[in-house]
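# What the coordinates show
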2 protein chains.
Amino acid sequence: MPSSAKVPMPTLERLATYLTVLTDLKVRSIDTISSADIESRAGVNAAQFRKDLSYFGEFGRPGIGYNVNELHKRISRILKLDKTQPVLLVGAGNLGSALAGYPPLRAENFQIVAVFDNNPSKIDTKLWDLAIKDIEKIVSENETLQAKIGIIAVPSRVAQEVAEKLVEAKVSTILNFAPTMLKLPSGITARNVDFVQELAVLSFHLPND
Amino acid sequence: MPSSAKVPMPTLERLATYLTVLTDLKVRSIDTISSADIESRAGVNAAQFRKDLSYFGEFGRPGIGYNVNELHKRISRILKLDKTQPVLLVGAGNLGSALAGYPPLRAENFQIVAVFDNNPSKIDTKLWDLAIKDIEKIVSENETLQAKIGIIAVPSRVAQEVAEKLVEAKVSTILNFAPTMLKLPSGITARNVDFVQELAVLSFHLPND
DNA sequence: TAGATTGTTAATCGATTAACAATC
DNA sequence: TAGATTGTTAATCGATTAACAATC
């Protein structure tokens, strides 16, 4: 029942996976599932799944299983995906553009509310339906927007600098796509998405000729 | 000394992180570092770093530390990043386009050698310097190319189908950007990059108003 | 030599999974 | 009731870290 007991990071990551599976089950109009079903669909051990949920309360009925809609709703709630989250995007290059136009983000209630760049020739042009703004204005812009999540999609060499501006703009969590270790004040949560790292791990597993 | 003893996945992931740090040290012309330096720069415990390396042999000199260039070279070698790896990209949308034009990939010796899509209006047009080819031709195309790594950058609903084509084309490792659980034959290694999952974890950590 | 730092062992910590009483 | 499946405890497994002899 306690929602405050420290939740392991892997549990949190799997929660998002369960949501993906549950969304799919909803589409297929399946309305009850067991932890064993999850095991076969998500590749996560059934006991693991039940344990993960146990950090947040009771969700199923012994002998029956879980109601798909209810479980989806409750996990969304836990991950704070039940209401729209405003997000600041920094970097209007290829990657930033792809992120701003990425449908699954909207589907899960993340809304990019502003895009920033430092390139004068981009400032005041549009990225999809958003005006690209001067990165120097991020602090004042976010006074109104009040976004708490920031995405860094700029080259590595300026990522640290951008991170500091995001912190100044009162963002408290950062998703960093640049392959750099950010130095951040405590209290700021950051995650790195590193394509090259992912490919490197795959590369290691390649058969040796 | 054994390179074959099963290496933990987190070790492999950190190896790529070390490489990033080492590249940076090379740029700064620093040529010797200790595990304690790595701890402060990569945020990884010094003992952890030494343990990670120990799966692959001996790399440093007691009392001295590690030679930056040599360590970089050896880790590159371990991850098979010392020679160019050909990669097939499926999906010539926004994300595929961003990946194909992503400089760090080239910097680490990954080379996208072909792009495939199923959209007739895209086929035979160019994505950067590559001709977009019909996904139906992937098997025959890869007979010549012999790429072993595939990237899936298509919408979720077609990701499974694309994965199967990649397997048919004799790819053995897959990086999947679609938020779906792929069902793959054993022997195929896959990793998912899920932006929404990353954001969901951040979202969880958001202060409750 | 004295000081620094490695590679590795052993101790700790935490996450995964099996087992089962409770319950539908 | 008998069968199914949960939530949770306890056992297992594996990864992280501290400690230290070896060595530069």
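Structure's up top.
First, a word on what this report is: a plain description of the structure on this page. What you are looking at is a predicted structure, and each value in this text was computed from that prediction instead of being measured.

Before going further, it helps to examine the protein's contact with DNA strand D. Taken together, 25 residues sit near DNA strand D, with Ser35(A), Arg50(A), Phe59(A), Gly60(A) and Tyr66(A) positioned nearest. Among atoms of DNA strand D positioned within 4 Å of the protein, sugar and phosphate together represent 69%. Here a phosphate oxygen of DNA strand D and a backbone polar atom of Phe59(A) are 2.7 Å apart. Only α3 (46-54) of chain A together with α1 (9-27) and α3 (46-54) of chain B provide two or more residues apiece to the surface near DNA strand D. With four residues, the single largest contributor to the surface near DNA strand D is α3(B).

Turning next to the protein's contact with DNA strand C. Near DNA strand C lie 25 residues; those nearest to it are Ser35(B), Arg50(B), Phe59(B), Gly60(B) and Tyr66(B). Take the atoms of DNA strand C that sit within 4 Å of the protein: sugar and phosphate atoms are 69% of them. One of the side-chain nitrogen or oxygen atoms of Gln48(A) is found 3.0 Å away from a sugar or linking oxygen of DNA strand C. Within the contact set of DNA strand C, a sugar or linking oxygen lies 2.9 Å away from a side-chain nitrogen or oxygen of Arg61(A). If you list the elements that add at least two residues to the surface near DNA strand C, you get α1 (9-27) and α3 of chain A together with α3 of chain B. Ranked by residue count, the leading element in the surface near DNA strand C is α3(A), at four residues. Of the residues contributing to the surface near DNA strand C, the split by class is eight nonpolar, nine polar and eight charged.

What follows concerns the interface of chain B and chain A. Across the contact, 60 residues belong to chain B and 60 residues belong to chain A. Around 5400 Å² of area is buried between chain B and chain A when both sides are counted, 73% of it from carbon and sulfur atoms. Put simply, the parts of the chain that give the side of chain B that touches chain A at least two residues each are α1, α2 (35-42), α5 (94-100), α6 (103-107), β7 (149-152), β8 (173-176), β9 (189-192) and α9 (195-205) of chain B. Tallying contributions element by element places α9(B) first for the side of chain B that touches chain A, with 11 residues. In terms of residue class, the side of chain B that touches chain A is built from 36 nonpolar, 13 polar and 11 charged.

Following the criterion strictly, the structure yields 16 salt bridges over all chains and no others. A salt bridge links Arg191(B) to Glu198(A), with the shortest nitrogen-to-oxygen separation between them at 2.6 Å. Placement of Arg191(B) in strand β9 and of Glu198(A) in helix α9 (residues 195-205) is noted, with the two residues assigned to different chains. Assigned by exposure class, Arg191(B) and Glu198(A) land together as buried. One salt bridge in this structure joins Asp24(B) and Arg28(B), with 2.9 Å as the shortest N-O distance. Using a relative accessible area of 31% as the deciding quantity, one classes Asp24(B) as partly exposed. One connected set of salt bridges, linked through shared partners, spans Glu13(A), Arg191(A) and Glu198(B).

Turning to the packing of α1(B) against α3(B), a few remarks are in order. Two measures define how a pair of helices packs: the angle their axes make with one another and the distance between the axes. All names here are of chain B. Axis separation between α1 and α3 bottoms out at 10 Å; the angle between their running directions is 105°. Taken as axis vectors, α1 and α3 run roughly perpendicular relative to one another. The segment α1 lies against α3, with Thr11, Arg14, Leu15 and Tyr18 engaging Gln48, Phe49, Asp52 and Leu53. Broken down by class, the residue content of the contact of α1 with α3 amounts to four nonpolar, two polar and two charged.

Here we come to the packing of aromatic side chains. Within this structure, the stated rule accounts for 12 aromatic pairs over all chains. Plain terms: the ring middles of Phe49(B) and Tyr66(B) are 5.3 Å apart, the flat faces sit at 80° to each other, and that makes the pair edge-to-face. With a gap of 17 residues between them, Phe49(B) in helix α3 and Tyr66(B) in strand β2 (residues 66-67) connect regions that are remote in the sequence. With a relative accessible area of 10%, Tyr66(B) lands in the buried category. Connected via pairs of aromatic rings, a cluster forms that spans Tyr102(A), Phe177(A), Phe195(A), Tyr102(B), Phe177(B) and Phe195(B). Sitting over the face of the ring of Phe204(B), Lys80(A) holds its NZ or CZ atom 5.5 Å from the ring centroid.

Another point: α1(B). Under the 1.5 Å per step criterion, the end-to-end length of α1(B) is 28 Å for 19 residues, consistent within 8% with the ideal 27 Å. Listed as buried for α1(B) are Thr11(B), Leu12(B), Arg14(B), Leu15(B), Ala16(B), Thr17(B), Tyr18(B), Leu19(B), Val21(B), Leu22(B) and Leu25(B). In this fold, the buried residues of α1(B) make contact with α9 of chain A together with β1 (32-33), α2, α3 and α4 (68-78) of chain B. At the exit of α1(B) stands Ser29(B), carrying a positive phi of roughly 55°.

All names here are of chain B. Burial analysis of strand β3 (residues 85-90) places five of its six residues in the buried class, which makes it a mostly covered element. Taken together, the six bridges between β3 and strand β4 (residues 110-117) define a ladder with parallel strand orientation. Of the residues in β4, the one forming a bridge with Val87 is Ile112. Pairing analysis gives four bridges linking β3 to β7, with the strands arranged parallel.

Conventions we followed
- Residues numbered from 1 in each chain as written.
- Chains lettered and ligands numbered in written order.
- Predicted model: local features only at pLDDT ≥ 70, side-chain atom pairs only at ≥ 80, totals over all residues.
- Heavy atoms only, no water.
- Near = heavy atom within 4 Å.
- Polar contact = N/O pair within 3.5 Å; in protein donor to acceptor, adjacent residues only side chain to side chain.
- Helix = DSSP H or I, 4+ residues; strand = E, 2+ residues; numbered from the N terminus.
- Nonpolar A, V, L, I, M, F, W, Y, C, P; charged D, E, K, R; others polar.
- Contact = heavy atoms within 4.5 Å.
- Buried area = accessible area lost by both parts, 1.4 Å probe.
- Salt bridge = Lys/Arg side-chain N within 4 Å of Asp/Glu carboxyl O.
- Buried < 20%, exposed > 50% of the residue type's maximum accessible area, 1.4 Å probe, protein only.
- Axes fitted to C-alpha atoms, helices over the stretch in contact; angles between N-to-C directions.
- Parallel < 35°, antiparallel > 145°, perpendicular 65-115°, else oblique.
- Phe/Tyr/Trp six-rings, centres within 6.5 Å; stacked < 30°, edge-to-face > 60°.
- Lys NZ or Arg CZ within 6 Å of the ring centre and 35° of its normal.
- Expected span 1.5 Å × (residues − 1).
- Pairing = 2+ DSSP bridges.

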